[in-house]
Amino acid sequence: EQFTVKSARWILSEDPNERKDSLWIWGLFKEPLYPFLLLQMEIDEIALPGEEKDSIMPFKLFAQINHRRENGEVILSPNTDLKIKKKETV
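These numbers were taken from a predicted model, which means no experiment stands behind them. (Residues numbered from 1 in each chain as written. Predicted model: local features only at pLDDT ≥ 70, side-chain atom pairs only at ≥ 80, totals over all residues. Heavy atoms only, no water.)

(A) Expanded view of the overall build of the chain. Counting its regular elements, the chain contains 0 helices and 7 strands. Listed N to C, the secondary structure of the chain is β-β-β-β-β-β-β in terms of helices and strands. A buried classification covers 18% of the 90 residues belonging to the chain. With an accessible surface of roughly 7,700 Å², the chain has 53% of that area assigned to carbon and sulfur atoms. (Helix = DSSP H or I, 4+ residues; strand = E, 2+ residues; numbered from the N terminus. Buried < 20%, exposed > 50% of the residue type's maximum accessible area, 1.4 Å probe, protein only. Areas by Shrake-Rupley, 256 points an atom, 1.4 Å probe, with all protein chains shown as cover.)

Shown next as structure tokens:
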């Protein structure tokens, strides 16, 4: 089953735990000063097959992808963990 991405965004970060860092344009051309690509995707509800009309509620995916430059090309790390956050109404 496919899912629908409602929204997505990415930022380059020097330190994913420090939300105040900013992007220096030179980080795009030299060895990355910002070695982390932070990706966030908001996924719409996913209908499950069957007559019960069950579904997976909307959720957000988060990834922290390491990257580097090699021979002038950007290489993304092939091993990245996806983290899921879901909204809960209390």
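(B) A look at the pairing of strand 2 (residues 36-43). In the sheet, strand 1 (residues 5-13) pairs with strand 2 via 8 bridges, with the strands oriented antiparallel. Paired with W10 across the two strands is L39, which belongs to strand 2. In this sheet, strand 5 (residues 59-70) lies alongside strand 2 in antiparallel orientation, the contact comprising 8 bridges. Residue pairing across strands places L39 opposite A63, the latter belonging to strand 5. (Pairing = 2+ DSSP bridges.)

(C) Structural context of the environment of R68. Within the element layout of this structure, R68 appears in strand 5. For R68, a relative accessible area of 39% translates into the label partly exposed. In this structure the C-alpha to C-alpha distance between R68 and F36, which are 32 residues apart in sequence, comes to 9.0 Å.

(D) Broad picture of the environment of S77. With respect to the helices, strands and loops of the structure, S77 is situated in the loop between strand 6 (73-76) and strand 7 (82-86). On the basis of relative accessibility, which here comes to 25%, the residue S77 falls in the partly exposed class. C-alpha separation for the pair S77 and N66, spaced 11 residues apart in sequence, amounts to 5.4 Å. Within the structure, S77 has its side chain in polar contact with the backbone oxygen of N79 (distance 3.2 Å). (Polar contact = N/O pair within 3.5 Å; in protein donor to acceptor, adjacent residues only side chain to side chain.)

(E) Highlighting the pattern of salt bridges. Scanning the model with the defined rule gives 1 salt bridge in all. Here E42 makes a salt bridge to K6, at a shortest N to O gap of 3.6 Å. Here E42 is found in strand 2, whereas its partner K6 is found in strand 1, with 36 residues between them in sequence. Overall, the relative accessible area of 47% leaves K6 in the partly exposed class. (Salt bridge = Lys/Arg side-chain N within 4 Å of Asp/Glu carboxyl O.)

(F) Here's a closer look at unusual backbone geometry. With a phi close to 60°, K53 is a non-glycine residue in the positive phi region. Residue placement: K53 occurs in the loop between strand 3 (46-47) and strand 4 (55-56).

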